[in-house]
Structure formats: C-alpha cells, structure tokens
Amino acid sequence: AQSVSQHNHHVILSEAASLELGCNYSYGGTVNLFWYVQYPGQHLQLLLKYFSGDPLVKGIKGFEAEFIKSKFSFNLRKPSVQWSDTAEYFCAVNAGNSGYALNFGKGTSLLVTP
Amino acid sequence: DSGVTQTPKHLITATGQRVTLRCSPRSGDLSVYWYQQSLDQGLQFLIQYYNGEERAKGNILERFSAQQFPDLHSELNLSSLELGDSALYFCASSVDPGQGIRNTIYFGEGSWLTVV
C-alpha cells in the first residue's frame, strides 16, 4: 500500500542545533511533496513544496528539503533551530494520479529547548 | 489566520448521534477538502469538492457524507457516531484546481469531535 513514513516521532533539540527530519514515501511514478508545520494551537501551514526541477527546495523560516528520488525521500532540514520552531511537522505526498489528495505522514513533534 | 473558518471548534456528543461540521473556505477558493486527524490513523484525506461537485474521495466512511453549497461553504455530516470517530476534523481550501496540486492548500484550525 502507498504510504508516507516519518521516522522520528519526537525530537528534542537545543536552540542553535541543526535539524533533519526524515520522510520516505512508497509511491511510484510522479509525486508532489510537501512539508507542513502545525504550531501549538494553530492550523497547519505550508513550509515548502516540491513539484519538479531543483531537488533542493527552500521554504519559509529558513527551512529547506531535499528530494532524493532514488531513496524515495524528502527530508526536511534547518541549520539552526530556534525555540519558536517547536511544533508538529508533517510530510505529505500527492501521487500524480490521485487528484489533489494529500497523504500525510504521522508527524514529528519537535521540541526546541532554550 | 489561514482564512478558512470551521465551526464548531469543539463538540461532544454521544454514540449513535449525528453531527454536522461546517467550513467556510478562504474568499475566492473554489475547492474544499476534509481531513480527519486521529491518534492512531494520523491525518487522513476524506473528500474534496470543487465548485459544488465532488472531485476526489479518500478514506471516508459510508456513515459520513459531505456537500459544498452554492456559496462554496461545505458541511461534513457524521452519523451513527462511534467512539472511534473521535478526532480532529480539518477543512482546507485552495483557489482552483486549474493548476492542480500546485495551488497551496490552506487549512482551518479544525473541529474537535469527542464521542462519548
């Protein structure tokens, strides 16, 4: 079955540490890839998205993600996290033949400590 | 504020009952999506409407139904509720599928449903 896996369910980092959150998917064919963030008590917000072209995608708030087709991965990175990055992060995949539905991973909860 | 409005924010109801969740999309958005977020299943796509017509269907139970009205607001109807239906139900909207998935999808803050 098609799926999206986020390997880390809970991550705790100190401020200024580097972040990498893993995301793997099992879809074949064309995919569109997304990272969403949900700050405490707020709605899901789009961090970045990849459709085609340069596999290194830059998003808002200093986040970036790299699409590695051979590894079916779309990992999220940030060189130096801040306390305000504490949130839930969701990877989502749209398979090219599935209309506009997004299939989400189960999320990674990130806690950044001062 | 994403511009997507959902009501009610919280709802507690008994098993076997029926509830309706309401969503107002962002101004100008023609597409509405419904997602269910639960602890065990995560975020799951339920259904999408575009300009009043059903566009895509995901893991939506037969006990659930949705519609989009001429003013573009949408309602998700959940009936014969079970304990396992307790979840956060998100509505999302996007402007126009003309560019397909490349349109950003904006999410509301969700409606918390607790079935007791």
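Values in this document were obtained by computation on a predicted structure and should not be read as measured data. (Residues numbered from 1 in each chain as written. Chains lettered and ligands numbered in written order. Predicted model: local features only at pLDDT ≥ 70, side-chain atom pairs only at ≥ 80, totals over all residues. Heavy atoms only, no water.)

To continue, consider the side chain of Asp85(B). Structurally, Asp85(B) is set in the loop between strand S8 (74–78) and strand S9 (87–94). A residue is classified by how much of its surface remains accessible, and Asp85(B), at 3% relative accessible area, is buried. (Helix = DSSP H or I, 4+ residues; strand = E, 2+ residues; numbered from the N terminus. Buried < 20%, exposed > 50% of the residue type's maximum accessible area, 1.4 Å probe, protein only.)

The subject of this paragraph is the interface of chain A and chain B. A common way to state how big an interface is: give the accessible area lost once the parts meet. Between chain A and chain B, the residue contacts involve 18 residues of the former and 22 residues of the latter. Across the chain A/chain B interface, buried area totals approximately 1,800 Å², and carbon plus sulfur atoms make up 62% of it. Considering only the side of chain A, the residues that lose the most area to chain B are His43(A), Leu44(A) and Tyr100(A), jointly responsible for 39% of the buried surface there. Summed over the shared surface of chain A and chain B, the number is zero salt bridges. (Contact = heavy atoms within 4.5 Å. Buried area = accessible area lost by both parts, 1.4 Å probe. Salt bridge = Lys/Arg side-chain N within 4 Å of Asp/Glu carboxyl O.)

All names here are of chain B. If you walk across this open sheet you meet the four strands as S1-S3-S8-S7, and the pairing is antiparallel. Unpaired on one side and paired on the other, strand S1 (5–7) and strand S7 (64–68) mark the two borders of the sheet. Geometrically, the sheet is characterised by an average inter-axis angle of 15 degrees between neighbouring strands, direction not taken into account. Two elements, S1 and strand S3 (residues 19–24), share three bridges in a ladder whose sense is antiparallel. Residue pairing across strands places Thr-5 opposite Ser-24, the latter belonging to S3. (Pairing = 2+ DSSP bridges. Axes fitted to C-alpha atoms, helices over the stretch in contact; angles between N-to-C directions.)

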